[in-house]
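Structural features, examined
The residues making up each chain are set out below.
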Amino acid sequence: NCRLISIDQRMYRTNDGWERVFECPPLSDRQIIQILENYVGPTYDLRRWSEFCSGSPRIAHAIGQNLRHNSEDILLSPSTVSVWEKFIYGNNSAKDESKIFVLKHLALFERFGYEEPVQEEARFIHKTINRDDPNISWAKFQIVIEELKSQGILKGKTTLHITPKALHVYLWIEFWKHGRGMCENLQEMPDSLMIWFGGMFSYAKSSEIALKEIEKLFRANGPFYKTDILHPKACMLLNELSEAFPDQTLQCIENTLMLKEREELLEFKKGRQYIVFALEKMAWRPNYFSRAATVLLHLAHADNSTHANNAKGTFAALFHLTPGVAPTAAPPEERLSFLEASLSSDSFPIRQIGLIGYEEALSIPAHAKTRVVGSEYQGLERTLSAWVPKTWEEYKTPFYKAWGDLFKNTRQWEVIERSKVNSILIHKGEYLLKEKGYEWLEPNILKTFQDLIDDEATDKKYFIETLTSIQRHPNNISQNALSAIRNLEDQITGVSFASRIKRWVNFANHNDRS
């Protein structure tokens, strides 16, 4: 018996009983990443680029070559033959222009409804296509769709999407080279399709024409000009627009939210998280940090959700001082200056949120909150980098400032407020003293502890419990610091027999066990 095995990039069907056709399954993410590593080595953001390949080794090689030689244009074909046309036409010399015309219009949307009950989405897209090319009837449109499905370019059943993702983005960019008017037809677009339309806006920076067209959304009489953006659909679009149009998007959000009173903001629920996501992405960029943080702070003082990445949690995370943890490239001096200003606010809720920011700033790496990766991945831009110190002094200085500012700027507060600050300083001081590598903060922490002894706002029971905990579990604390801690406890409780009895009666805690 003789068997012939061949590989063909085209979709091949046969009714011959002697022939069998096997479809090659897509590669796993791990296999795609291994291909990319052959070009650029094992970098941390290759999983991001593997998503654009959608399991295609051909796309992985193209993106890998561009990551190495042409990172400014990740979708550039690596040879004179377009890798994208290969996907659409294969080796056919005859090119059906209607197919690419339809594909470019479909690429405007992350996905679209094709069958009932969401067929109105496909009907709208066809109406737009037919307006530009009357020769493409609904029947012709359906034929093209079915052909694209048979090629594996369109996936799904009731709802379809283009794959690989890199091809989808390429076609989206190609549309804007000649396409016009889509942003002017938003009023006619079905609400459900609007979401899929806005989902592609994050790639607008890859096309100057797309930028100019989408900018119309912010112009006079556009949907985001002097309008209430609190509608969930508008919030979703603004989240996508924040990557390509940070200045206009931020101004739009400022013009609406900064004029809202706390009671109004408490009623803002649907769509709220999209605005928080948008502000988080814009805060990555140093030139927008202060403005984005201001809006986040305004939202946070009227938070109506309890999940970790709400406005309050997102705001606080901006001030972590461990390199790579805070989701921003803004330097610590700018962030801490902003945080210091919150302590001087006339608003009690604002001051309390500022304290949460300081708690985050003084957190050690082992206690850092987990950050969800994603806001540094914006469109096809290079992965945004968080702030990283260049010297050891650059790392230490922000901790000195955060510790000093928190103590210094709260001494005039009322007793109840100051009591909370003192407890934060005691709590953070304990963990910083125990953490290996932070010995340089010992003098500052011990000096502050000394000052807190005579402050009527200090919770003496909690203070003694902490001092006892430090002595019971000294970890990496130096002998000099331990001696100072014992001395601090003696100053609070006294050293006489009567004082020790009072201490055991009034301030006994679980760390007293021998």
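Further up the page is the structure itself.
How each quantity is defined
Residues numbered from 1 in each chain as written. Predicted model: local features only at pLDDT ≥ 70, side-chain atom pairs only at ≥ 80, totals over all residues. Heavy atoms only, no water. Helix = DSSP H or I, 4+ residues; strand = E, 2+ residues; numbered from the N terminus. Buried < 20%, exposed > 50% of the residue type's maximum accessible area, 1.4 Å probe, protein only. Contact = heavy atoms within 4.5 Å. Areas by Shrake-Rupley, 256 points an atom, 1.4 Å probe, with all protein chains shown as cover. Pairing = 2+ DSSP bridges. Expected span 1.5 Å × (residues − 1). Core = buried A, V, L, I, M, F, W, Y, C linked by side-chain atoms within 4.5 Å. Salt bridge = Lys/Arg side-chain N within 4 Å of Asp/Glu carboxyl O. Axes fitted to C-alpha atoms, helices over the stretch in contact; angles between N-to-C directions. Parallel < 35°, antiparallel > 145°, perpendicular 65-115°, else oblique. Left-handed = near helix turned anticlockwise from the far one by under 90°. Nonpolar A, V, L, I, M, F, W, Y, C, P; charged D, E, K, R; others polar. Polar contact = N/O pair within 3.5 Å; in protein donor to acceptor, adjacent residues only side chain to side chain. Phe/Tyr/Trp six-rings, centres within 6.5 Å; stacked < 30°, edge-to-face > 60°. Lys NZ or Arg CZ within 6 Å of the ring centre and 35° of its normal.

From N to C terminus, the chain includes 24 helices and 3 strands. Expressed as a percentage of its 514 residues, the buried residues of the chain come to 50%. Of all intrachain contacts in the chain linking residues separated by at least 6 positions in sequence, the fraction that spans at least 24 positions is 70%. For the chain, the exposed surface amounts to about 25600 Å²; the carbon and sulfur share of it is 51%.

Attention shifts here to the environment of Ile 153. Note on placement: Ile 153 falls in the loop between helix 7 (138–151) and strand 2 (154–156). For Ile 153 and Leu 167, which are 14 residues apart along the polypeptide, the C-alpha to C-alpha distance reads 8.9 Å. Excluding residues that lie within four positions of it along the chain, Ile 153 makes contacts with Phe 87, Ile 88, Leu 103, Leu 148, His 161, Ile 162, Thr 163 and Leu 167.

What follows deals with the environment of Leu 296. Here Leu 296 lies in helix 15 (residues 286–300). Looking at Leu 296, the relative accessible area reads 0%, which means it is buried. Sequence-wise, Leu 296 and Lys 312 are 16 residues apart; in three dimensions their C-alpha atoms are separated by 7.4 Å. For Leu 296, the residues in contact, after removing those within four places along its chain, are Val 276, Leu 279, Ala 311, Thr 314, Phe 315 and Leu 318.

Glancing now at the sheet that holds strand 3 (residues 159–162). Strand order in the open sheet made by the 3 strands is 1-3-2, with antiparallel pairing throughout. Each edge of the open sheet carries a strand with a single partner, namely strand 1 (112–113) and strand 2.

Bringing helix 21 (residues 442–453) into the picture now. Here helix 21 spans 17 Å end to end across 12 residues, near enough to the 16 Å set by a 1.5 Å rise per residue. Buried-residue contacts for helix 21 involve helix 19 (392–408), helix 20 (415–434), helix 22 (460–472) and helix 23 (479–493).

Next up on the list: unusual backbone geometry. That bond from Glu 116 to Pro 117 is cis: its omega, 10°, falls within 30 degrees of zero. For Pro 117, the position within the fold is in the loop between strand 1 and helix 6 (119–132). One non-glycine residue with positive phi stands out, namely Ser 54, at about 50°. With respect to the helices, strands and loops of the structure, Ser 54 is situated in the loop between helix 2 (46–53) and helix 3 (57–69).

So, about the nonpolar core. Ranked by size, the top nonpolar core spans 140 residues in total, and within it Ile 63, Leu 106, Phe 112, Phe 141, Trp 172, Leu 279 and Phe 449 carry the most contacts. Per-element accounting of this core gives the leading share, 9 residues, to helix 15. Residue contacts for Phe 112: discarding those within four places in its chain leaves Leu 106, Glu 121, Ala 122, Ile 125, Ile 145, Leu 154, Thr 158, Thr 159, Leu 160 and Leu 193.

The next point concerns the pattern of salt bridges. A full pass over the atoms with the stated rule returns 22 salt bridges. Two residues, Arg 411 and Asp 455, come together in a salt bridge whose shortest N-O distance is 3.0 Å. Here the residue Arg 411 occupies a position in the loop between helix 19 and helix 20, and Asp 455 occupies one in the loop between helix 21 and helix 22, the gap between them amounting to 44 residues. With a relative accessible area of 10%, Asp 455 lands in the buried category. One connected set of salt bridges, linked through shared partners, spans Glu 340, Lys 401, Asp 405 and Lys 408.

It is at 8 Å that the axes of helix 14 (residues 272–283) and helix 15 come closest, and there the two elements cross at 155°. Comparing their axes, helix 15 and helix 14 come out roughly antiparallel. Crossing angle aside, the handedness with which helix 14 passes helix 15 is left-handed. Along the contact surface, helix 14 presents Arg 272, Ile 275, Val 276, Leu 279, Met 282 and Ala 283, while helix 15 presents Tyr 288, Phe 289, Ala 292, Val 295, Leu 296 and Leu 299. Of the residues assigned to the contact of helix 14 with helix 15, the class counts are 11 nonpolar, no polar and 1 charged.

Once that is clear, we can look at the pairing of strand 3. Of the two faces of strand 3, the one holding Leu 160 and Ile 162 is buried and the one holding Thr 159 and His 161 is not buried anywhere. Bridging between strand 1 and strand 3 involves 2 bridges; their strand directions are antiparallel. By the bridge assignment for strand 3, Phe 112 is matched with Leu 160. Pairing between strand 2 and strand 3: 3 bridges, direction antiparallel. Opposite Lys 155, over in strand 3, you have His 161 as the bridge partner.

With that out of the way, let us pick up the side chain of His 126. You can see His 126 is positioned in helix 6. Judged by its relative accessible area of 11%, His 126 is buried. A polar contact of 3.3 Å, which involves the side chain of His 126, links it to the backbone oxygen of Ser 137. Each residue touching His 126, except ones within four places of it in the same chain, is listed here: Ile 136, Ser 137, Trp 138 and Phe 141.

In this structure the tally under the stated criterion is 22 aromatic pairs. When the ring of Phe 319 is compared with that of Phe 338, the centres are 6.3 Å apart and the planes differ by 20°; the resulting orientation is stacked. Of this pair, Phe 319 sits in the loop between helix 16 (311–317) and helix 17 (332–342) while Phe 338 sits in helix 17, and the two are 19 residues apart along the sequence. These aromatic residues form a ring-pair network of at least three members: Trp 392, Tyr 395, Phe 399, Tyr 400, Tyr 438 and Trp 440. Over the ring of Trp 49 we find Arg 48, and its NZ or CZ is 4.2 Å from the ring centre. Directly above the ring of Trp 138 sits Arg 123, whose terminal nitrogen or CZ lies 3.9 Å from the centroid.

Let us now look at helix 22. Its 13 residues place the ends of helix 22 18 Å apart at the C-alpha level, agreeing with the 18 Å of an ideal helix rising 1.5 Å per residue. By the burial criterion, the buried members of helix 22 are Phe 463, Ile 464, Thr 466, Leu 467, Thr 468, Ser 469 and Ile 470. The backbone nitrogen of Lys 461 has a side-chain oxygen 3.2 Å away, supplied by the residue at the start of helix 22, namely Asp 459.

Relative to each other, helix 12 (residues 246–257) and helix 14 sit at 135°, their axes nearing to 11 Å. Taken together, helix 12 and helix 14 sit at an angle that is classed as oblique. Considering how the two elements wind past one another, helix 12 and helix 14 form a crossing that is left-handed. Here helix 12 contributes Pro 246, Thr 249, Leu 250, Ile 253 and Leu 257 to the contact with helix 14, which in turn contributes Ile 275, Ala 278, Leu 279 and Met 282.

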